[in-house]
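The lines below spell out each chain.
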Amino acid sequence: MELKQQIKRFVENLAVQFAVDVVRSYLLHRLENITAADCYTAIKNKVNLWQITPDSDKTYIIKKILPRFRKLVIRYMDDITPQLVLEWLRRDRPDLADVIEKKNQWAYADYEKEEAYKWLASQVENIKANIKAVLSEAS
């Protein structure tokens, strides 16, 4: 591989990592005031997180984040999976991961572990679908 291609790949990988860090940081910011009990309630009531996301946050995503990272979002959005989000939660918000994985004090919660994971997966896919819709409207 020639030097020009190596530099291009390096810059692209750096940009991808930066975009992932932005998404992860934003997600953590949005979860600051969310408790494990809130997560439990969302799972039990099948709350749609995109629907309850404030319009100001949606506007921020649509007007500030997407335009800067549009190409990367389109190219790598499918790499953001429920498994990846759960891994982020394990590292950054283990209390929420425990609710989803039915661990520790949530081991006897009145829902199935699969139900919680399906809820997380549906949230990730729903948010991605809404972002893709915004991107296709902007094309």
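Residue numbers run consecutively from 1 along every chain, following the written order of its sequence. This being a predicted model, a pLDDT of at least 70 is required before a residue's local features are given, and a value of 80 or more before pairs of side-chain atoms are given or counted; all residues contribute to the totals for chains, interfaces and linings. With hydrogens and water stripped out, all remaining heavy atoms of the structure feed into the side-chain values.

Asker: Where do I start with the layout of surface pockets in this structure?
Answerer: Summary: where empty space remains is shown by rolling a probe the size of a single water molecule over the atoms. Residues are said to line a cavity or pocket when one of their atoms sits within 4 Å of a point; the points come from a 1 Å grid over protein atoms alone, cavities being sets where a 1.4 Å probe fits but cannot get out and pockets being open sets with protein on both sides within 12 Å along at least five of seven lines. Grid points are joined across faces, edges and corners, and a volume is the space filled by probe spheres set on the points. Reported here for the largest pocket is a volume of approximately 1200 Å³. If you go around the largest pocket, you meet 41 residues; those closest to its centre are Val23, Tyr26, Leu27, Arg30 and Ile127. The helix count covers DSSP runs of H or I at least four residues long, the strand count covers runs of E at least two residues long, and both are numbered beginning at the N terminus. Of all the elements in the fold, those that place two or more residues in the lining of the largest pocket are helix H1 (3–30), helix H2 (36–44), helix H3 (49–52), helix H4 (55–76), helix H5 (82–92), helix H6 (94–101) and helix H7 (113–138). The element contributing the most residues to the lining of the largest pocket is H1, with eight residues.

Asker: Looking at this structure, I do not really get unusual backbone geometry. What am I missing?
Answerer: Both trends apply: most residues other than glycine have a negative phi, and most peptide bonds are in trans. Although it is not a glycine, lysine 46 adopts a positive phi angle of roughly 50°. Checked against the element boundaries, lysine 46 lands in the loop between H2 and H3. Here the term buried applies to any residue with accessible area under 20% of the maximum for its type, exposed to any over 50%, and partly exposed to those in between, with areas from a 1.4 Å probe on protein chains only. The class of lysine 46 is exposed, set by a relative accessible area of 59%. In this model, asparagine 104 sits at a positive phi of 55°, which is unusual for a non-glycine residue. Along the chain, asparagine 104 turns up in the loop between H6 and H7. For asparagine 104, a relative accessible area of 56% gives the class exposed.

Asker: Could you clarify how one ought to interpret H5 in this entry?
Answerer: Counting along an α-helix, one turn takes 3.6 residues, and residues three or four places apart therefore face a common direction. Every buried residue belonging to H5 is among Pro82, Val85, Leu86, Trp88 and Leu89, and all of these are buried. Viewed end-on, H5 has its buried residues packed into an arc of 155°, placing them on one side of the element. Picture the helix axis, draw a direction to every C-beta atom, and the arc is the one those directions span.

Asker: In this structure, what is going on with the side chain of threonine 53? I would like to understand it.
Answerer: Relative to the helices and strands, threonine 53 resides in the loop between H3 and H4. We call two N or O atoms a polar contact when they sit within 3.5 Å, provided that within protein one can donate a hydrogen and the other can accept it, with sequence-adjacent residues counted only if both atoms are side-chain atoms. Within the structure, threonine 53 has its side chain in polar contact with the backbone oxygen of leucine 49 (distance 2.6 Å).

Asker: Teacher, can you tell me more about the packing of aromatic side chains here?
Answerer: For any pair of aromatic rings, geometry is given as the distance between the ring centres together with the angle between the planes. Working definition: rings of Phe, Tyr and Trp (its six-membered ring) pair if their centres are within 6.5 Å, and the pair is stacked with planes under 30 degrees apart, edge-to-face with planes over 60 apart, and tilted otherwise. Applying the stated criterion across every chain, the model contains two aromatic pairs. Consider the rings of tyrosine 40 and tyrosine 111, whose centres lie 5.7 Å apart with planes at 45°: the pair is tilted. Of this pair, tyrosine 40 sits in helix H2 while tyrosine 111 is found in the loop between H6 and H7, placing the two residues 71 residues apart along the sequence.

Asker: When you look at H4 in this model, what are you seeing that I'm missing?
Answerer: In this scheme, a helix's expected span is set at 1.5 Å multiplied by one less than its residue total. With 22 residues, H4 should cover 32 Å at 1.5 Å per step; its first-to-last C-alpha distance of 25 Å lies more than 12% under that length. A residue's bend is simply the angle between two axes: one fitted to the seven residues ending at it, one to the seven starting at it. A maximum bend of about 80° is found in H4 at arginine 70. Along H4, the positions that sit buried rather than exposed are Asp57, Lys58, Ile61, Ile65, Leu66, Phe69, Leu72 and Val73.

Asker: Help me understand the nonpolar core in this model?
Answerer: Note that soluble globular proteins tend to have their nonpolar side chains buried in a common cluster. Counting residues in each nonpolar core, the largest one holds 20 residues, and the members touching the most others are Ile43, Leu89, Val99, Ile100, Tyr111 and Leu120. Within the second largest apolar cluster, 13 residues are counted, among which are Tyr26, Leu66, Phe69 and Val73. For the purposes of this section, nonpolar cores are sets of buried Ala, Val, Leu, Ile, Met, Phe, Trp, Tyr and Cys residues that join through side-chain atoms within 4.5 Å.

Asker: For this particular structure, what's the right way to read the pattern of salt bridges?
Answerer: It is possible for side chains bearing opposite charge to pair when their charged atoms get close. When a carboxyl oxygen of Asp or Glu lies within 4 Å of a side-chain nitrogen of Lys or Arg, that pair is called a salt bridge. Counted under the stated rule, the structure contains nine salt bridges. The closest approach of N and O atoms between lysine 46 and glutamate 115, which form a salt bridge, is 3.6 Å. Of this pair, lysine 46 sits in the loop between H2 and H3 while glutamate 115 sits in helix H7; the two residues are 69 residues apart in sequence, bridging distant segments of the chain. Residue class for glutamate 115 comes out partly exposed when judged on its relative accessible area of 25%. For the salt bridge of lysine 128 with glutamate 125, the shortest nitrogen-to-oxygen distance reads 3.5 Å. Taken as a pair, lysine 128 and glutamate 125 lie in helix H7 at a separation of three residues, close to a single helical turn. Linked through salt bridges whose partners overlap, the residues forming this network are Glu87, Arg90, Arg91, Glu101 and Lys103.

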